[in-house]
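Breakdown of the fold
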Amino acid sequence: MDSKQLEDIKKNLLAEKKRMEAALGSVSAPDKGEHVPGNYEAKFPNYGDDPATELEDNSPNEVADFQNNLTVTSDLSEEVARINAALVKIDAGTYGVCEKCGKAIDPKRLKAYPAAAHCMDCSK
Ligand SMILES: [Zn+2]
């Protein structure tokens, strides 16, 4: 893979990362307890308290949406981690090599999925 192709992939990865982080921002907040970049905590939605009891109302909607936020947060943060790993490998000059078998990953696969860490055979 030449440096021009790598530049393009890096641009794609950075754009993708931005998109993921924007999406993460709507369902989660950075995990303040851990101070690890890329760690996110799903938001618990609050659609208002129950006026009848004046107690905080964790309504079924809030719980369902929180479950959804958890799933989306974990999917997206895994993807961000994969993108970060790919970016590190680009800078280290080891990008495009399968992490499992050490063979070059098919450029077509990398084009379709730039964050791929494994070749087609190993990801099966
Ligand atoms: Zn492989």
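Note that the structure is predicted; figures quoted are calculated from it, not measured.

Cut-offs used in this document
Residues numbered from 1 in each chain as written. Predicted model: local features only at pLDDT ≥ 70, side-chain atom pairs only at ≥ 80, totals over all residues. Helix = DSSP H or I, 4+ residues; strand = E, 2+ residues; numbered from the N terminus. Buried ≥ 20, exposed ≤ 12 C-beta atoms within 10 Å, placed from the backbone. Axes fitted to C-alpha atoms, helices over the stretch in contact; angles between N-to-C directions. Parallel < 35°, antiparallel > 145°, perpendicular 65-115°, else oblique. Left-handed = near helix turned anticlockwise from the far one by under 90°. Contact = placed C-beta atoms within 7 Å. Nonpolar A, V, L, I, M, F, W, Y, C, P; charged D, E, K, R; others polar. UniProt positions renumbered as here; feature names shortened; annotations may be inferred. Expected span 1.5 Å × (residues − 1).

1. A look at the overall build of the chain
On a plain count of helices and strands, the chain comes out with 4 helices and 2 strands. When the helices and strands of the chain are read in sequence order from the N terminus, they spell out α-β-β-α-α-α. Counting over 124 residues, the chain shows a buried share of 17%.

2. So, the environment of Ser74
Here Ser74 is to be found in helix α2 (residues 60-92). Its 13 C-beta neighbours within 10 Å are what place Ser74 among the partly exposed residues. Along the primary structure Ser74 and Glu41 are separated by 33 residues, whereas in three dimensions their C-alpha atoms are 8.7 Å apart.

3. Describing the packing of helix α1 (residues 3-27) against α2
Closest axis-to-axis distance for the α1/α2 pair is 9 Å, and the angle between their directions is 155°. Classified by the interaxial angle, the pair formed by α1 and α2 is roughly antiparallel. Where α1 crosses over α2, the two elements pack in a sense that is left-handed. On the side of α1, the interface is formed by Leu6, Ile9, Lys10, Leu13, Glu16, Lys17, Met20, Glu21, Ala23, Leu24 and Val27, while α2 contributes Asn69, Val72, Thr73, Leu76, Ser77, Glu79, Val80, Ile83, Ala86, Leu87 and Ile90. Taken together, the residues of the contact of α1 with α2 break down into 14 nonpolar, 3 polar and 5 charged.

4. Thoughts on the UniProt feature "domain: Zinc finger DksA/TraR C4-type" (unreviewed entry) in the chain
The positions that UniProt labels "domain: Zinc finger DksA/TraR C4-type" (unreviewed entry) are, in the present scheme, residues 93-122. In residues 93-122, the share of helix is 30% and the share of strand is 0%. The end C-alpha atoms are 21 Å apart.

5. Focus on the UniProt feature "zinc finger region: dksA C4-type" (unreviewed entry) in the chain
Here the UniProt feature "zinc finger region: dksA C4-type" (unreviewed entry) sits at residues 98-122. Its end C-alpha atoms 8 Å apart, residues 98-122 is made of 36% helix and 0% strand.

6. Some points on α1
Here α1 spans 36 Å end to end across 25 residues, near enough to the 36 Å set by a 1.5 Å rise per residue. Taken together, the buried positions of α1 are occupied by Ile9, Leu24 and Val27. The inward-facing, buried residues of α1 abut β1 (28-30), β2 (40-42), α2 and α3 (107-112).

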